[in-house]
Amino acid sequence: VRCLTAAASALSDGELGKQVEITSKDEIGQLSQTFNKMSAELARIDVQRKQLTADITHDLSTPIQIISGYMEMLEEESIQLTPKRIQIIRTELEHLRRLVSDLTTLSQVEGGALKLQTETFKPAELLQQICDPYRPIAASQEVELRFETDARGRECELTADPGRLLQTVQNLIENALRYTPENGKITLTLGCKERNVKISVRDTGVGIDAEDIPYVFDRFYRTDKSRNANQGKMGLGLSICKALTLAQGGKISVSSEGKGKGTTFELSFPAVPVQKP
């Protein structure tokens, strides 16, 4: 008890990650084990917080510096405003807009202020509309993108916000495109059972290590450079997918057999009951 008290005091003073020795299997031992787990988690979150601060600083300051540099040169009349330079400035402004929009969406969901426009619709039609525009993009990367469902999937209905579902699936497809190499495949699948509508995005890309799986949906979480070295992609996309899915009463999960073995993201929503005649 004295050791736990001292460790708790140290933790309150900012010594995150403090651990105590477990010397028994009784209630005190269980309490010590719980304390160690909590302390380790607080330390992990603190490291993640420091990393996200660095990420935000970098991802916001870089476009600001580029735009400011061009503005200063224009004011000094050292360069001319050409179409190419206008495009560079527009791209950086879009980068900033996207970051702010993503953060706003997350804060609205977490604060309960996000307004959903739900309706009953056939998800097969929406998924086909999403898949078609991405096929040329995938083809340009020498990646095959296909949509699969069956007769039941084409006829089943779902009550949700189609705009937010579209945003979620687009994020998952874009995520798969970033991490699927040439000659790879991305499969968008719709399956319907009596009680659930399941939508999955499966790729043959770089995969995710088992130790990273529990944290994939954490805001700003980074697994490794190969899966996160993308300008303007601060690890918000998957957090938004989770937030929007949960806000509509759905569930989201991820699975991977490891690095180089692909990844599968799955959405699950309650199906609209079939009306019997």
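Being a predicted model, the structure only gives us computed values, none of them experimental.

**Some thoughts on the state of the cysteines**
Put plainly, a disulfide is one covalent bond tying together the sulfur atoms of two cysteines.
Thought 1: Taken as a whole and assessed by the stated rule, the structure comprises one disulfide.
Thought 2: For Cys-156, the disulfide goes to Cys-192, at an S-S distance of 2.0 Å. Linking Cys-156 in the loop between helix 5 (151-155) and strand 3 (158-160) with Cys-192 in strand 4 (residues 185-192), this pair joins segments that are 36 residues apart in sequence. The same class applies to Cys-156 and to Cys-192, which are both buried.
Thought 3: Cys-131 provides the cysteine sulfur closest to Cys-241, a residue in no disulfide bond, and the two sulfurs are 16 Å apart.
Thought 4: Taking relative accessible area as the criterion, Cys-241 reaches 0% and is therefore assigned buried.

**Describing the pairing of strand 4**
Thought 1: Note: strand 2 (residues 144-148) against strand 4, five bridges, orientation parallel. Bridge pairing links Leu-145 to Ile-186 in strand 4.
Thought 2: Between strand 4 and strand 5 (residues 196-203), which pair antiparallel and follow one another directly, the connecting turn spans three residues.

**Notes on the pairing of strand 6 (residues 251-255)**
Thought 1: The alternating pattern of strand 6 places Ile-252 and Val-254 on a buried face, while none of Lys-251, Ser-253 and Ser-255, on the opposite face, is buried.
Thought 2: In this sheet, strand 7 (residues 263-270) lies alongside strand 6 in antiparallel orientation, the contact comprising five bridges. Bridging across to strand 7, Ser-253 finds its partner in Glu-266.

**Observations concerning the nonpolar core**
Thought 1: Ranked by internal contacts, the top residues of the largest apolar core, which has 39 residues, are Leu-127, Leu-165, Val-169, Leu-188, Leu-190, Ile-199 and Leu-267.
Thought 2: Listed in part, the seven residues of the second largest apolar core include Leu-106, Leu-114, Ile-240 and Leu-244.

**Overview of the packing of helix 3 (residues 83-110) against helix 8 (residues 237-247)**
Thought 1: It is at 10 Å that the axes of helix 3 and helix 8 come closest, and there the two elements cross at 35°. In the packing of helix 3 onto helix 8, the handedness of the crossing is left-handed. Listed contacts from helix 8 to Asp-102, Thr-105, Leu-106 and Val-109 of helix 3 are Ser-239, Ile-240, Ala-243, Leu-244 and Ala-247.
Thought 2: Its residues assigned to classes, the contact of helix 3 with helix 8 comprises six nonpolar, two polar and one charged.

**Let's talk about the sheet that holds strand 7**
Thought 1: Strand order in the open sheet formed by five strands is 2-4-5-7-6, and the pairing between neighbours is mixed. Edge positions in the sheet fall to strand 2 and strand 6, since each of these pairs with one other strand and no more. If you compare each strand with its neighbour and ignore which way they point, the axes differ by 10° on average.
Thought 2: Sheet topology note: the strand 5/strand 7 ladder contains eight bridges and is antiparallel. Pairing of Val-201 across the sheet is with Phe-265, part of strand 7.
Thought 3: Against the sheet, helix 6 (residues 162-179) engages strand 4, strand 5 and strand 7, with an angle of about 170° to strand 7.
Thought 4: The strands that helix 8 touches are strand 6 and strand 7; relative to strand 6, the one it contacts most, it runs at about 145°.

How each quantity is defined
Residues numbered from 1 in each chain as written. Predicted model: local features only at pLDDT ≥ 70, side-chain atom pairs only at ≥ 80, totals over all residues. Heavy atoms only, no water. Disulfide = S-S within 2.5 Å. Helix = DSSP H or I, 4+ residues; strand = E, 2+ residues; numbered from the N terminus. Buried < 20%, exposed > 50% of the residue type's maximum accessible area, 1.4 Å probe, protein only. Pairing = 2+ DSSP bridges. Core = buried A, V, L, I, M, F, W, Y, C linked by side-chain atoms within 4.5 Å. Axes fitted to C-alpha atoms, helices over the stretch in contact; angles between N-to-C directions. Left-handed = near helix turned anticlockwise from the far one by under 90°. Contact = heavy atoms within 4.5 Å. Nonpolar A, V, L, I, M, F, W, Y, C, P; charged D, E, K, R; others polar.

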